[in-house]
Amino acid sequence: MTVPARRRAAALLAALALAAGAAAAAEPAGVLGVQSGGRQLLRDCKPWVPRGLSFFGRLLPSPRPADPSTGAARERYGATALPLASAIGADVVRLQIGQPFLDPQSPEYDKNYLAEVKGAVAEARRAGFSVILSLQWEGRTGVKPVEMLPKASALRAWAAVAPAFVDDLGIAFELFNEPASPPDPGPGVWEAWRAGHQALIDALRKSGVRNLLIADGLRGAQRLDGAPALNDPLGQLAYAVHPYFGAEDNSPAGWDQRFGRFAASHPVIATEWGHAARHCDRGAADTVEQLLGYLADRRIGVIGYGADEVHSRLLRWDGDKPVWSSYKNRPCDGGAAGPGELMRALFDRQAREAAAAHAVAPAACERPPR
């Protein structure tokens, strides 16, 4: 090869190396955020109504004993979770991660657990899903809770977790799953909720985290009415509701009061919802359809819960084929009854709408560099 030819070849290789480096540095697909100055959620700079499934198959470290339901979900996770999400038309998966095993000062801390979480997230991202990591402290962890509102343990857990995902804005952090409170939380409880979440937001932002953050409402994420303001300097904060039916949570009037009016001025996601036979006395099939329509009309995305339970609320298996639950010609509490078909139809419609949506102006979805 002549000297000029070698120089041209070297220049070509250098250009290819630069291009490869740029491609590696580019944000992967599925970047999540909030439109600057508004309440509109964004995915890849396009208006976004989340649609997804929630899984607890990676809630516990792999060697840790689990209750039968959680253990079964752990065994099936790799083979079923992402195929299920694809089958129902999801664009995001929510992974519950165990707070006691991530807090370095917890007696239950497992130094190998974060690697398992990273593996599950990487698998979901390779499959094209965005991911919500939800910090779980409740009974399914098998550990007695040390806090029922975010405090020091949650701060330490996120300090351990966040650096592993800070370079991927397709991953959102749901800061504390289902904060506990009395049915009618007063100003003092709301102030404790505010202080705990604000401390998490401040710590994460000061450490350079730019990811979308999500704050669950009180009473197990059923109430956002009365929530005091949280301050996020990046404006990348959403709120979560879990609108399971209760005595007063089964009608548009109740939904309006507890989260609907709040959602008119804040970005809100139903990060967990499902319907089982035991819920039928609080709301039957027509109420399920009414709720899903209510959420869709207000552009509140919904993430279905229960696909990985032993007796799933969403589907049964016919060999390796998922058969979605339905209320058609079935009693609400019947064995094969459930919201699976309704959710799949909703997600299909929302997927078509998302494909037709136009991106917002680039300036409306920019975040400062790290």
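The following paragraphs examine the structure supplied in this document. The residue numbers shown here count from 1 along each chain, following its written sequence. Per-residue local features are limited, in this predicted model, to residues with pLDDT of at least 70; the limit for side-chain atom pairs, both in listing and counting, is 80 or more; totals at the level of whole chains, interfaces and linings are taken over all residues. For side-chain calculations, the full set of non-hydrogen atoms in the structure is used, while hydrogens and water are omitted.

The next thing to look at is the nonpolar core. Only buried residues count toward a nonpolar core. Its members are Ala, Val, Leu, Ile, Met, Phe, Trp, Tyr and Cys residues joined through side-chain atoms within 4.5 Å. Think of it in three bands: with a 1.4 Å probe and only protein chains considered, a residue is buried below 20% of the maximum accessible area for its type, exposed above 50%, and partly exposed in between. Formed by 84 residues in total, the largest nonpolar core has its most connected members in Phe-55, Leu-133, Trp-158, Phe-173, Tyr-239, Trp-273 and Val-302. Per-element tally for this core: the top contributor is helix H2 (residues 68–88), with seven residues. Whether two residues touch is decided by their heavy atoms; if any such pair falls within 4.5 Å, the residues are in contact. If near-sequence neighbours (up to four positions away) are discounted, Leu-133 is found in contact with Leu-95, Ile-97, Val-117, Val-121, Trp-158, Val-161, Phe-165, Ile-171, Ala-172, Phe-173 and Glu-174. Listed in part, the 13 residues of the second largest apolar core include Leu-32, Trp-48, Ile-132 and Ile-303. Helix and strand assignments follow DSSP, with helices taken as H or I runs no shorter than four residues and strands as E runs no shorter than two, numbered in order from the N terminus.

Next up on the list: the sheet that holds strand S7 (residues 171–174). Sheet strands pair by backbone hydrogen bonding; their relative direction is either parallel or antiparallel. If you walk around this closed barrel you meet the eight strands as S4-S5-S6-S7-S8-S9-S10-S11, and the pairing is parallel. Averaged over all neighbouring strand pairs, the angle between strand axes comes to 25°, with direction disregarded. Pairing between two strands is assigned when DSSP locates at least 2 bridges connecting them. Judged from the two bridges that link them, strand S9 (residues 237–240) and strand S10 (residues 268–273) form a sheet pairing that is parallel. Of the residues in S10, the one forming a bridge with Tyr-239 is Val-268. Against the sheet, helix H5 (residues 152–161) touches strand S5 (92–98), strand S6 (130–136) and S7, its axis set at about 145° to S6. The sheet contacts of helix H10 (residues 340–356) involve strand S4 (51–55), S10 and strand S11 (301–305), and relative to S4 the element is tilted by about 130°. To get an axis, fit a line to the C-alpha atoms, keeping to the stretch in contact for a helix; angles then go from 0 to 180 degrees between the N-to-C directions.

It is possible for side chains of opposite charge to pair when their charged atoms get near one another. By salt bridge we mean one thing: a side-chain nitrogen of Lys or Arg within 4 Å of a carboxyl oxygen of Asp or Glu. The full count for this structure, using the stated rule, is 18 salt bridges. Residue Arg-140 pairs with Glu-309 through a salt bridge whose shortest N-O separation is 3.1 Å. With Arg-140 in the loop between S6 and H5 and Glu-309 in the loop between S11 and strand S12 (315–318), this pair connects stretches of sequence that are 169 residues apart. Across the salt bridge formed by Arg-194 and Glu-191, the nearest N and O atoms sit 2.9 Å from each other. Separated by three residues within a single helix, Arg-194 and Glu-191 lie in helix H6 (residues 187–206), roughly one turn from each other. Using a relative accessible area of 24% as the deciding quantity, one classes Arg-194 as partly exposed. One salt-bridge network, in which partners are shared between bridges, spans Arg-219, Glu-248, Asp-249 and Arg-258.

Turning our eyes to something else, we now look at the pairing of S9. Burial along S9 is two-sided: the face carrying Leu-237 and Tyr-239 and the face carrying Ala-238 and Ala-240 are both buried. Note: strand S8 (residues 213–216) against S9, four bridges, orientation parallel. By the bridge assignment for S9, Asp-216 is matched with Ala-240. In this region the chain leaves S9, passes through helix H8 (residues 252–263) and returns to the parallel neighbour S10; the handedness of that crossover is right-handed. When the strands point away from the viewer, a crossover counts as right-handed if the route from the first strand across the helix to the second turns clockwise.

On the secondary structure map, Val-146 appears in the loop between S6 and H5. Take Val-146: its relative accessible area is 68%, and that puts it in the exposed class. Separated by 47 residues in sequence, Val-146 and Gln-99 have C-alpha atoms that sit 9.9 Å apart. Apart from the residues lying within four places of it in its own chain, the contact partners of Val-146 are Gln-99 and Ser-153.

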